[in-house]
Each structure stands twice: as structure tokens, then as C-alpha cells.
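Chain by chain, the residues run as shown.
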Amino acid sequence: MHQPEKEGLVREELASLQLENLRRTVARIRDNNAGYHARLGHVDPGDLRVIEDVAGLPFMNKEDLRKAYPFDLTCAPRERFVRFHMSSGTTGTPILNPFTASDVEQWAEIMARCFTAAGVNSADVVQITPSFGLFNGGFGFHYGASRLGSFIVPIGAGRSSLQLQFIKDIGTTCITAIASYPLRLMEVARQENFDWAKTDLKVGVFGAEVWSDEMRARIESEMGIDTYDIIGMTETGGVGLGIDCEARAGIHIWEDHYLVEIIDPDTGEVLPDGQTGEMVVTTLTRQGLPLIRFRTRDITSVISRDKCGCGRTHLRIDRITGRNDDMIKIKGVNFYPRQIESLLLSEPGVGNDYLIEVDRIEGADKLGITVEVHNPDDGHLAKNLRRIVKDFLAFGAEVKLVPMGGIEKPPGKAVRVVDRRE
Ligand SMILES: [Zn+2]
């Protein structure tokens, strides 16, 4: 552990620390932003008696943050801002999160914990493949690895051939990436006859996208590494909200910095542990943009609040199943792209890339799935995939097999779904 005294706190102490930090956050909002404080019904820090009292405060969502562009919900004087990051992947008004020096410190701390949970230390060579810019990934990994004193390869996004060259020549031991990027690297490695076994690579820390267990298994086997699933988003202060550990028993959330609730997305009611719903995050130590009950749209559940096999006591959530916004509804059936990914990738002969397309033709919804496969003429495989998909969805889909590399891949986050309805 990077900070055993904090990561191993007994639950009662953790809860009282959370309460103290929640009160401090509410006081910060009250003292710095009258409009934000009014939104919270002018709550006084002293009104919060136990940590569960947070449930009496209103939710906030991405739309609220967009409307607040650029700084309407921020809670530090402008001269204290040292940088900002911006949400990616959405059109329209962006969401800005300005960081104070303390926020950058907080980020370095949680990222150092994450790297340590992944077995990374000062002796490691950490290659950072997300971009250094408005997207938070590059800088987040940088601050964490810097805190540990690792040797950083700050290459940033793209240039896959150079990425591979550095892995080999610089002796990279840990690679960090958006979860779909390893697939691109694996593809280029195959074209260049790159031998993963002849590298020192042992760990991959991947996140920012939903990736299935099947995808994970494929990456681990082909690259010969252990992978760790890291979560976090611009709104919460960037990557590093939590990560899974060597026990592979769920994703630890750093509870002294973040309070997590799982709610029913329709009613807003807080769900008991074990039930699946939308993750709501309250930041407990952020200054620039503290969040109270922010609806992340991420779907997950609390697995356990017991001490983990790794020794950490911070609660564990399930790997993210999907985002509320990603849910596809066809013929009354709701499903997530990750579920389709799991089905496809469990079949031998199927490559790592696929595209789900939804159309409305003459008033009826049609689902099409294009899948990269090793042999596009394999009629048996096509038939099998159609059957598996139909068994799962209870309606048929048009399944099209294309050769490896047959699906176009834009740079950045992977595009898995194209919905042309409306
Ligand atoms: Zn653990």
C-alpha cells in the first residue's frame, strides 16, 4: 500500500473521517459559492450528523455542470486555479474542472495509491499512452508515477510503432492506456512481428472505457501482462477514483476522498449493497470543483465493505457494466454494449473489434453487428454468433463477419455503437 495508515483504516474511523471531510466540503461551498450553497438548500455542515445524511442533499448531473460552464460551480478563488481539465466525448458545452494546487496534490496521492495497488513502484518504467492535454488521462498517470519516483515515458497518444519500439528499447514494465488502446497496439504488433515475450512488460493499467472480462483476458494473454481496471472521470477530478487490486475482488474506491452511493436511476432511491444501479459520487477533498451527489451514469454495485484480501478496507464496487447513456433499447429489451462484447469474445475465431449498429427501418428497429474474425468465410461461426445473440436478446440480429482490421478505428476512445434512430 502507498499509505497503509489510510488505505487500511477500520470502517468506523473511515466513516468519521468521511463525515469530517463532507462537512468541510459543505463549508467550502457555503464560504465560496452562494449559488451552489443555495442549490443545496443552504445546508449547514453541522446539519450532517452521520455520513448517511448526505442522502438528504440534492443530486447534480452532467447537465448541471455543463450549464455551469466555465466556472459557475467552482469553490476556490480564480487566482488559486493552477490548471483545468475538460470532459471528453460529448458534443456541445464542455465541462471544465479547474484544479487548485491542493487538488493536484490529491490527484497525485490517489494515483500513487492506484499504481501501488497495481504493483508499480520506483523501479518501474511507466509508459503513458493517453494524451497530455485537456483529457485528464496523461497528466493523471504522470502525477501518480512521479509521486512514486518511477521512470516515466511520457509519449502520449498515438504513434503505435514508436510505442512498441519504446516498450522494447526503454524497457517499459508498466503501460497505461484507454482500455481499447491495447487492442490497437496488439494489432500493430502482429503486423510488425513484435514479440511481447521479449519485453519487460508486466503490468497494464487501463480505464476510461467499459471493457469486458473477456476483453481483459485476451489482452492479458496476448501481451503477457496482468491488467488493472482504473476508474475516474474529469468531473470527479480525473482518473484515480478507484482501481482493482491483486485480489481481483472488485474496484476499491478511495473512501477518504470520495463518498459513493448506488441509486436506482429511475427513483433516485439509495440501493442496498449488492444491488445494481447508478453510481453517485460526492467528492470529500476537492477544492476547485467539489461535487455533491454527482450522478456519474456508470452502472455498478457495491460488492463489499469488508476488508479485502489485499489488506485494504476501502469498499469495493463491481467493474462498470455500462453507462446509462450507453444502454440500448430495442423491442423492449435493454442491454449494454459490454454484454454483447462478452458474448462475441467468448467465441474462438472472433477478433477483438466489433461494431453495433441500430437502425429504424419502416418503423421497426434493426440491430446489426459487424465482427472482425480470423476467417470471414466461416459460415459455422456466423451461424453460431447469430444464435448466441438471439438467445441473449430474444430477437435476431444481422451478424456480419469481416476480416481482421476490417472495422475502421478512429483515434481516441473506441466507437462500439452507432445508433441511427430518430
Ligand atoms: Zn483489495
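Our structure's up above, just so we're on the same page.
This structure is a prediction, so every number in the text was calculated from the model and none was measured.

**Q** Please explain the overall build of the chain as it appears in this structure.
**A** Of the regular secondary structure elements, the chain holds 11 helices and 21 strands. Here the C-alpha radius of gyration of the chain, 22 Å, is about what a compact globule of 422 residues would show, namely 22 Å. For the C-alpha atoms alone, the extent of the chain along its principal axes is close to 70 × 55 × 40 Å. A buried classification covers 44% of the 422 residues belonging to the chain.

**Q** Hey, could you run me through the sheet that holds strand β5 (residues 174–178) in this one?
**A** Within a beta sheet, neighbouring strands are joined by backbone hydrogen bonds and run either parallel or antiparallel to one another. Reading across from one edge, β4-β3-β5-β6-β7-β8-β9-β14-β13 is the order of the 9 strands in this open sheet, with mixed pairing throughout. The sheet is open, and its two edges are formed by β4 (151–153) and β13 (302–304), each paired on a single side. The sheet contact formed by strand β3 (residues 125–128) and β5 spans 3 bridges and is parallel. When the sheet's bridge partners are listed, Ile-128 is paired in β5 with Thr-176. Along the sheet, helix α9 (residues 213–223) contacts β6 (203–207) and β7 (226–233); its crossing angle with β7, the most-contacted strand, is approximately 135°.

**Q** Teacher, can you tell me more about the pairing of strand β20 (residues 398–403) here?
**A** Each regular strand shows side chains that alternate between the opposite faces of the sheet. Where strand β19 (residues 364–373) and β20 come together, 6 bridges link them in parallel fashion. Each bridged residue has a counterpart across the sheet, and for Thr-370 the counterpart in β20 is Lys-400. Each parallel crossover has a hand, and the one from β19 via helix α11 (residues 379–393) to β20 is right-handed.

**Q** Looking at this structure, how should I read the sheet that holds β20?
**A** Across the sheet, which stays open at both edges, the 4 strands sit in the order β20-β19-β18-β21 with mixed pairing between neighbours. Edge positions in the open sheet fall to β20 and β21 (417–419), since each of these has one partner strand only. Adjacent strand axes in the sheet meet at a mean angle of 15°, parallel and antiparallel pairs treated alike. Across 3 bridges, the pairing between strand β18 (residues 350–361) and β21 is parallel. In the sheet register, Val-358 faces β21, and the bridge partner there is Asp-419. Strands in contact with helix α10 (residues 337–345) are β18, β19 and β21; relative to β18, the strand with the most contacts, it is inclined by about 135°.

**Q** It is not clear to me how the packing of helix α5 (residues 101–117) against helix α6 (residues 137–148) should be interpreted in this structure. Could you clarify?
**A** Each pair of packed helices gets described by two things: the angle between the helix axes and the distance between those axes. Direction vectors running N to C along α5 and α6 enclose 75°, while the axes themselves pass 7 Å from each other. The angle between α5 and α6 falls in the class roughly perpendicular. Listed contacts from α6 to Val-104, Trp-107, Ala-108, Met-111, Ala-112, Cys-114 and Phe-115 of α5 are Gly-140, Phe-141, Tyr-143, Gly-144, Ala-145, Ser-146, Arg-147 and Leu-148. For the contact of α5 with α6, the class distribution of residues is 11 nonpolar, 3 polar and 1 charged.

**Q** Help me understand the packing of α9 against α10, please; the structure alone is not making it clear to me.
**A** Packing of α9 against α10 leaves a shortest axis separation of 7 Å and a crossing angle of 50°. What the angle tells us is that α9 and α10 run oblique. For the pair α9 and α10, contact is made by Asp-213, Glu-214, Met-215 and Arg-218 and by Glu-341, Ser-342 and Leu-345, respectively. Counted by class, the contact of α9 with α10 contains 2 nonpolar, 1 polar and 4 charged residues.

**Q** Got a minute to help me understand α9 in this structure?
**A** What sets the pattern is the α-helix's 3.6 residues per turn: residues three or four places apart point alike. Within α9 the residues assigned to the buried category are Met-215, Ile-219 and Met-223. Down the axis of α9, the sector holding all buried residues measures 40°, keeping them to one side. Next to the buried residues of α9 lie α8 (181–191), β6, β7, α10 and β18.

Reading the values: the criteria
- Sequence positions are assigned chain by chain, starting from 1 and proceeding in written order.
- Confidence filtering applies because this is a predicted model: local features only for residues at pLDDT of at least 70, side-chain atom pairs given and counted only at 80 or more, and all residues used for totals across whole chains, interfaces and linings.
- Numbering of helices and strands runs from the N terminus; a helix is a DSSP stretch of H or I covering at least four residues, while a strand is a stretch of E covering at least two.
- As defined in this context, the radius of gyration uses C-alpha atoms, and a globule is described by 2.2 Å times the residue total to the power 0.38.
- We call a residue exposed when 12 or fewer other C-beta atoms sit within 10 Å of its C-beta, buried when the count reaches 20 or more, and partly exposed for counts in between; the C-beta positions come from the backbone.
- Here the rule is simple: two strands pair whenever DSSP picks up at least two bridges between them.
- Each residue is represented by a C-beta atom placed from its backbone, and any two residues with such atoms within 7 Å are regarded as in contact.
- Think of each axis as a best-fit line through the C-alpha atoms, taken over the contacting stretch in the case of a helix, with angles from 0 to 180 degrees between the N-to-C directions.
- By convention a crossover is right-handed if, when the strands point away from the viewer, the path from the first strand over the helix to the second runs clockwise.
- For this classification, under 35 degrees means roughly parallel, over 145 means roughly antiparallel, 65 to 115 means roughly perpendicular, and everything else is oblique.
- All residues other than Ala, Val, Leu, Ile, Met, Phe, Trp, Tyr, Cys, Pro, Asp, Glu, Lys and Arg, Gly among them, are scored as polar; the first ten of these are nonpolar and the last four charged.
- Comment: arc refers to directions from the helix axis out to C-beta atoms.

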